[in-house]
Amino acid sequence: STAKLTTRETKSSTTFNDIAGLKEAKAEIMEIVDFLKNPKHYTRLGAKIPRGVMLVGPPGTGKTLLAKAVAGEAQVPFFSLSGSEFVEMFVGVGASRVRDLFKQAKEHAPSIIFIDEIDAVGRSRNRANLFQANDERENTLNQLLAELDGFGVNTGVIVLAATNRADILDKALLRPGRFDRHIYLELPNKKERVEIFEVHIRPLKKSKDIDIETLATLCPGFSGADIANICNEAALIAARKKEKEVHQSDFMAARDRIVGGLERKNRITS
Ligand code: ATP
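Throughout this document, residue positions are counted from 1 along each chain, in the order its sequence is written. It should be noted that, the model being predicted, local features are given only for residues of pLDDT at least 70 and side-chain atom pairs only at 80 or more, the latter also being counted only at that level, while totals for whole chains, interfaces and linings use all residues. Note that water and hydrogens are dropped before the side-chain values are worked out from all heavy atoms of the structure.

Under an unreviewed UniProt entry, the name given to the protein chain is ATP-dependent zinc metalloprotease FtsH, and the organism recorded is Lutimonas vermicola.

As structure tokens, then:
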């Protein structure tokens, strides 16, 4: 659809307060915020501000959230695009979309470009061509590389990209001056799951019987997205039962439902 192909520019209202855990990733991303807010602080010494930052981590660990928080904290526009959109594109469309995206971002600099699922375009060329040539994907990748290189230094645009498969990316993308900075995100440990539950329970009307420690203990291996999902599902279950508040039992039921869903998903993929 054409709607899917329009460049999305949004004002992000996401802040660091919305992100729990991810202490190291947050610290690294704060530096990017400062590059956007105080570029002169760096350029006066002759430093070149990084152009591309790759966010690497399993699904649902907060890559998109971090990218939006950069835009929200620095108060700059956020232009986004998903690599998987290119897969369905007609010849020439992918490359011109990339060109357009960079043009708009430069016009609105300082700004952020976010490319989600970059592996869909940036998969190593040899790997992708083992099975079939995909000229369109390759054209798009080449355009992306050209834009990254053609970008003068210190244009005020920082490109963030996300992947959960850094190992399959074309090495050309990771060269100096391109996506040469990597920020790693991991699944949360128990303490971090407690913090993520706190963020997502905060807006709910909750009963006093809620025990976040227990919930976090019962969710090993869950991502931030899974936890956000449990919290919303718990509120839906409570609403369905016409409760006045969301109870611990609703969270437990939501957890069971999501564990069931995850197990089904794993059965399909393994
Ligand atoms: P994918 O690889 O599937 O695109 P992602 O890493 O980009 O996933 P997000 O889209 O950022 O993950 O996360 C989805 C949702 O999960 C967020 O909108 C947020 O509600 C919740 N979430 C994930 N991580 C965290 C976190 N560290 N703190 C708070 N909420 C989180």
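Past the structure itself, the notes keep going.
**Considerations on the pattern of salt bridges**
We count it as follows: The working definition used for a salt bridge is a side-chain nitrogen of Lys or Arg within 4 Å of a carboxyl oxygen of Asp or Glu. Runs of E in the DSSP output that reach at least two residues are strands. Runs of H or I that reach at least four are helices, and both are numbered from the N terminus.
All chains considered together, the criterion is met by 10 salt bridges. Put simply, Glu213 and Lys190 hold a salt bridge, and the shortest N to O gap is 2.7 Å. Note that Glu213 is positioned in helix α10 (residues 212-217) and Lys190 in helix α9 (residues 190-201), a separation of 23 residues in sequence. In this structure, a network of salt bridges that share partners links the residues Lys241, Glu243 and Asp250.

**Looking at the site of the ligand**
Threshold: Throughout, near means a residue has at least one heavy atom within 4 Å of the molecule or strand. Counted as a polar contact is a pair of N or O atoms within 3.5 Å, where, for protein atoms, one must be capable of donating a hydrogen and the other of accepting one, and residues adjacent in sequence contribute only when both atoms are in side chains. Methods summary: accessible areas were calculated by the Shrake-Rupley approach with a probe of 1.4 Å, and residue burial reflects only the protein chains presented. As a working rule, the residues Ala, Val, Leu, Ile, Met, Phe, Trp, Tyr, Cys and Pro are called nonpolar, Asp, Glu, Lys and Arg charged, and the rest polar, with Gly in that last group.
Around the ligand, the structure places 17 residues, and the nearest of them are Ala20, Gly60, Lys63, Thr64 and His200. Here Gly60 contributes a backbone N or O atom positioned 2.8 Å from an oxygen atom of the ligand. Lys63 is positioned with one of its side-chain polar atoms (N or O) 2.8 Å from an oxygen atom of the ligand. Look at the ligand: alone it shows 630 Å² of surface, and the protein chains cover 77% of it. Secondary structure elements with two or more residues in the shell around the ligand: α4 (63-74), α9 and α11 (224-240). For the shell around the ligand, the residue count by class is 8 nonpolar, 6 polar and 3 charged.

**Quick word on the state of the cysteines**
Using the following cut-off: When two cysteine sulfur atoms are found within 2.5 Å, that pair is recorded as a disulfide. Residue exposure (1.4 Å probe, protein chains only): buried if accessible area is under 20% of the type maximum, exposed if over 50%, otherwise partly exposed.
As enumerated under the stated definition, the model contains 0 disulfides in all. The thiol of Cys231 is unpaired, and the distance to the nearest cysteine sulfur, on Cys219, comes to 8.8 Å. In this structure Cys231 comes out as buried when scored by relative accessible area, which is 1%.

**Overview of α4**
Spelled out, the test is: Expected span of a helix: the number of residues minus one, times 1.5 Å. Throughout, a contact is declared for two residues whenever any of their heavy atoms are within 4.5 Å.
Relative to the 16 Å expected for 12 residues at 1.5 Å per residue, α4 spans 17 Å between its end C-alpha atoms, a close match to the ideal helical length. For α4, every residue scored as buried is listed here: Lys63, Leu66, Ala67, Ala69, Val70, Ala71, Gly72 and Ala74. Structurally, α4 contributes buried residues whose contacts are with α2 (23-37), β2 (52-56), β3 (78-82), β4 (111-116) and β5 (157-163). Looking at the residues trailing α4, positive phi occurs at Gln75, about 55 degrees.

**Quick look at the side chain of Gln248**
Structurally, the position occupied by Gln248 is in helix α12 (residues 248-269). On the basis of relative accessible area, Gln248 is assigned to the buried category, the value being 12%. Ignoring sequence-local partners within four residues, the contact set of Gln248 consists of Asp209, Ile210, Asp211, Thr214 and Leu215.

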